[in-house]
Amino acid sequence: MAIHNPILKGFHPDPSIIRVGKDYYIATSTFEWFPGVRIHHSTDLQNWAYVGSPLDRISLLDIKGVPDSCGVWAPCLSYDGVFFYLVYSQVRSFDGVWKDTPNYLTTARNINGPWSEPISLGSHGFDASLFHDEDGRKWYLSMEVDHRMGNFFGGIYLQEYDSKTEKLIGPVYRIFEGTELGKTEGPHLYQKDGYYYLITAEGGTEYGHAVSIARSTNIAGPYEVSPHNPILSVKDHPDHPIQKTGHADLVQTESGEWYIVFLAGRPLTPLGNCPLGRETCIEKLSWPGGEWPSLEAGGRLARIEIPGNQVVENLLITEKVDFNRETLPQTYQSLRIPQDESWVTHIPDSGVLRLFGRESLTSLFEQSLLARRVQSQHFTYEISFDFQPERFQQIEGLVAKYNTGHYLYLQV
């Protein structure tokens, strides 16, 4: 049997992975959907179960009114042996020259929470991460937005984080300008064989997306670029079944093997639309001591199947929701705002979920909408509902939604 890609199907971008003992956890972006960040758990790197969304209250995530595809970007999940750390960008605006991208940190002793109130880490860029050095120090990394002269991607910077004062301290180091691929973002640091390894996403998040790596014996640099860059990319291979591969993170198993998780898209046609969004995939690495990492299978293309794991996967996803359970299914989220009784009422044991209509499908503020991710390019979905409208402006129905400008709506 084999690990089959994607491992997290349908809208699970920007994966951040850690291992704690025998347990693996992946955190992914949620953009404008609430609650924010989705964490999945596995013990075999193939079968993943949703365990929770840490950003489950307004104090941790206030995204009412944010534009499409803004909100939560690129969470970084880490663990220092005592606390779980979650760094996340809360993007408020992205049009025009300037970008509003505040970054925050929340912590918990248990992966299931409770998660602390947010600590502000500044708004200089996005895709921030936290690195725990072997000497006990903690370092904050981020790409930097540079609005001057149309540069935008200003490279990767590094600054120490003091967990006692809960502040960034000391000098700011610009450690990496990026390679010729450009659009350098998504930094993560690792320590191995006397080197600090820096992995970044480059080339943009479309069909030129890629993963690059550099290393240094000093955390502040200078960083030497791998001669094998990019180590992962599907550029110039439009017929490959998984495209847009990039924005990666690395994890080591208990037995010493290394894997890379990354986002990817599955287009309907070569270089066409990817209506499922960006999904999470995995590949195995070869990383001999003192050498540069590379894909185990050679080349830069990720495989659909990674052999060697004795795991059986159920490729058919089915779900029936009758609303008789105490809580709503965790697969369902709301847009930009938390669920509360002002617009959604759930009556357990009655099979009733009542929605009170508010704003339209093009609103960025208060929609009465519950939705789940589409996880297959071929699917059937049906609902049963009771509705007695009194005016033509009262509408209820089923929507296949991409964003506020692109959707299909069956309405009564």
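Structure first, text after, so check above.
For the structure given in this document, a descriptive report is provided here. Throughout, a residue's number is its position along its own chain's written sequence, starting from 1. Note on the predicted model: pLDDT of at least 70 is required for a residue's local features to be given, and 80 or more for side-chain atom pairs to be given and counted; whole-chain, interface and lining totals, by contrast, use all residues. Side-chain measures were taken over the full set of non-hydrogen atoms in the model, leaving aside hydrogen atoms and water.

Every helix listed is a DSSP run of H or I at least four residues long, and every strand listed is a run of E at least two residues long, numbered separately from the N terminus. For the protein chain, the helix and strand inventory stands at zero helices and 30 strands. Relative to the compact-globule value of 22 Å for 412 residues, the protein chain shows a C-alpha radius of gyration of 21 Å, a close match. C-alpha extents for the protein chain along the principal axes are approximately 70 × 50 × 45 Å. Only protein chains enter the calculation, and the probe is 1.4 Å; a residue is then buried if its accessible area is under 20% of its type maximum, exposed if over 50%, and partly exposed in between. When burial is assessed residue by residue, the protein chain has 50% of its 412 residues classed as buried. The globule rule used here is 2.2 Å times the number of residues to the 0.38 power, and the radius of gyration it is set against is calculated over C-alpha atoms.

Each pair of aromatic rings taken from Phe, Tyr and Trp, with Trp reduced to its six-membered ring, is defined by centres within 6.5 Å and is described as stacked if the planes are under 30 degrees apart, edge-to-face if over 60, and tilted in the remaining cases. Under the defined criterion, the tally for this structure stands at 18 aromatic pairs. Pairwise contacts between aromatic rings join Trp73, Phe94, Phe126, Phe152 and Phe153 into one cluster. We note Lys99 situated over the ring of Phe94; from NZ or CZ to the ring centre the distance is 4.8 Å. Positioned above the aromatic ring of Trp292 is the side chain of Arg215, whose terminal nitrogen or guanidinium carbon lies 4.3 Å from the ring centre. A ring is considered to have a charge above it if a Lys NZ or an Arg CZ atom is located within 6 Å of its centre and within 35 degrees of its normal.

Turning our attention to a nonpolar patch on the surface. Side chains of Val374, Phe379, Tyr381, Ile383, Phe385 and Val412 sit close together on the surface and give an oily, nonpolar patch of about 530 Å² of accessible area. The residue Tyr381 is located in the loop between strand S28 (370-372) and strand S29 (397-403) in this model. Taking relative accessible area as the criterion, Tyr381 reaches 36% and is therefore assigned partly exposed. Residues forming no salt bridge and having over 30% relative accessible area are the ones grouped into patches, like charges within 9 Å of each other and nonpolar side chains (Val, Leu, Ile, Met, Phe, Trp, Tyr) within 5 Å. For the accessible areas, the method is Shrake-Rupley and the probe is 1.4 Å, while residue cover comes only from the protein chains on display. Basic side-chain nitrogens of Lys or Arg form a salt bridge, by our definition, when they fall within 4 Å of a carboxyl oxygen of Asp or Glu.

Moving on: the sheet that holds strand S4 (residues 33-34). If DSSP finds at least two bridges between two strands, the strands pair. Taken together, the three strands give an open sheet; going across it, the order is S4-S25-S28, and neighbouring strands pair in antiparallel fashion. The open sheet has two edge strands with one neighbour each: S4 and S28. Here strand S25 (residues 332-335) runs beside S28; their pairing, made up of three bridges, is antiparallel. Looking across to S28, one finds that Ser334 is bridged to Leu370.

This brings us to the sheet that holds strand S22 (residues 279-286). The strand order across the open sheet formed by four strands is S20-S21-S22-S23, and the pairing between neighbours is antiparallel. Looking along the sheet, the strands with just one partner apiece sit at the ends: strand S20 (243-252) and strand S23 (294-295). Note that S22 and S23 share two bridges and pair antiparallel. Its bridge partner being in S23, Ser286 is matched across the sheet by Ser294.

The next subject is the nonpolar core. Definition used in this section: a nonpolar core is a set of buried Ala, Val, Leu, Ile, Met, Phe, Trp, Tyr and Cys residues joined via side-chain atoms within 4.5 Å. Of all hydrophobic cores here, the largest spans 48 residues; its most connected members are Trp115, Leu189 and Tyr223. Every residue in contact with Tyr223, bar those within four places of it in the chain, is listed here: Ile175, Phe176, Leu189, Tyr196, Leu198, Ala214, Arg215, Ser216 and Asn218. The next biggest cluster of nonpolar side chains, apart from the first, holds 20 residues, and it includes Tyr197, Ile242, Ile260 and Phe262. We call two residues in contact whenever any of their non-hydrogen atoms come within 4.5 Å of each other.

Glancing now at the pairing of strand S14 (residues 167-176). Sheet analysis places strand S13 (residues 152-162) next to S14, joined by six bridges and oriented antiparallel. In the strand pairing of S14, Leu158 is matched with Tyr173. Following S13, the chain reverses through four residues before pairing antiparallel with S14; Glu166 in that reversal takes a positive phi of roughly 60°.

Here the focus is the state of the cysteines. Cysteine sulfur atoms are paired as a disulfide whenever they fall within 2.5 Å. The full count for this structure, using the stated rule, is zero disulfides. With no disulfide of its own, Cys70 lies closest to Cys274 among cysteine sulfurs, the gap being 20 Å. A relative accessible area of 3% places Cys70 in the buried class.

Turning our attention to empty space enclosed by the protein. Put simply, the grid is 1 Å and covers the protein atoms alone, a cavity is a trapped set of points that fit a 1.4 Å probe, a pocket is an open set with protein on both sides within 12 Å along at least five of seven lines, and lining residues have an atom within 4 Å of a point. Grid points are joined across faces, edges and corners, and a volume is the space filled by probe spheres set on the points. One pass over the full model with this rule turns up one cavity of 30 Å³ or more. Looking at the largest cavity, its volume works out to about 50 Å³. Lining of the largest cavity is provided by 13 residues; of these, Ala74, Pro75, Ala128, His188 and His247 occupy positions nearest its centre. Those elements that provide at least two residues to the lining of the largest cavity are strand S7 (71-79) and strand S15 (185-192). In the lining of the largest cavity, the residues fall into six nonpolar, five polar and two charged. For this classification, Asp, Glu, Lys and Arg are treated as charged, while Ala, Val, Leu, Ile, Met, Phe, Trp, Tyr, Cys and Pro are nonpolar and the rest, including Gly, are polar.

You can see Gln159 is positioned in strand S13. Polar contacts here mean pairs of N or O atoms no more than 3.5 Å apart (in protein, one a potential hydrogen donor and the other a potential acceptor; neighbouring residues in sequence count only if both atoms are side-chain atoms). In terms of polar contacts, Gln159 uses its side chain to reach the backbone carbonyl oxygen of Gly170, at 3.0 Å.

This paragraph deals with the environment of Gly113. Within the element layout of this structure, Gly113 appears in the loop between strand S9 (103-108) and strand S10 (119-120). Relative accessible area serves as the criterion here: at 17%, Gly113 is assigned to the buried category.

The next point concerns the pattern of salt bridges. If charged atoms from side chains of opposite charge come close, those side chains can pair. What the rule picks out here adds up to 20 salt bridges. Linking Lys244 and Glu206 is a salt bridge whose minimum nitrogen-to-oxygen distance equals 3.5 Å. With Lys244 in strand S20 and Glu206 in the loop between strand S16 (195-202) and strand S17 (210-216), the pair connects residues that are 38 residues apart, well separated along the chain. Classification of Lys244 by relative accessible area gives buried; the value is 11%. With relative accessibility at 48%, the residue Glu206 sits in the partly exposed group. Close ionic contact of Arg266 with Glu279 constitutes a salt bridge, the shortest N to O distance being 2.7 Å. Taken together, the positions of Arg266 in the loop between strand S21 (258-265) and S22 and Glu279 in strand S22 put the pair 13 residues apart, joining distant regions of the chain.

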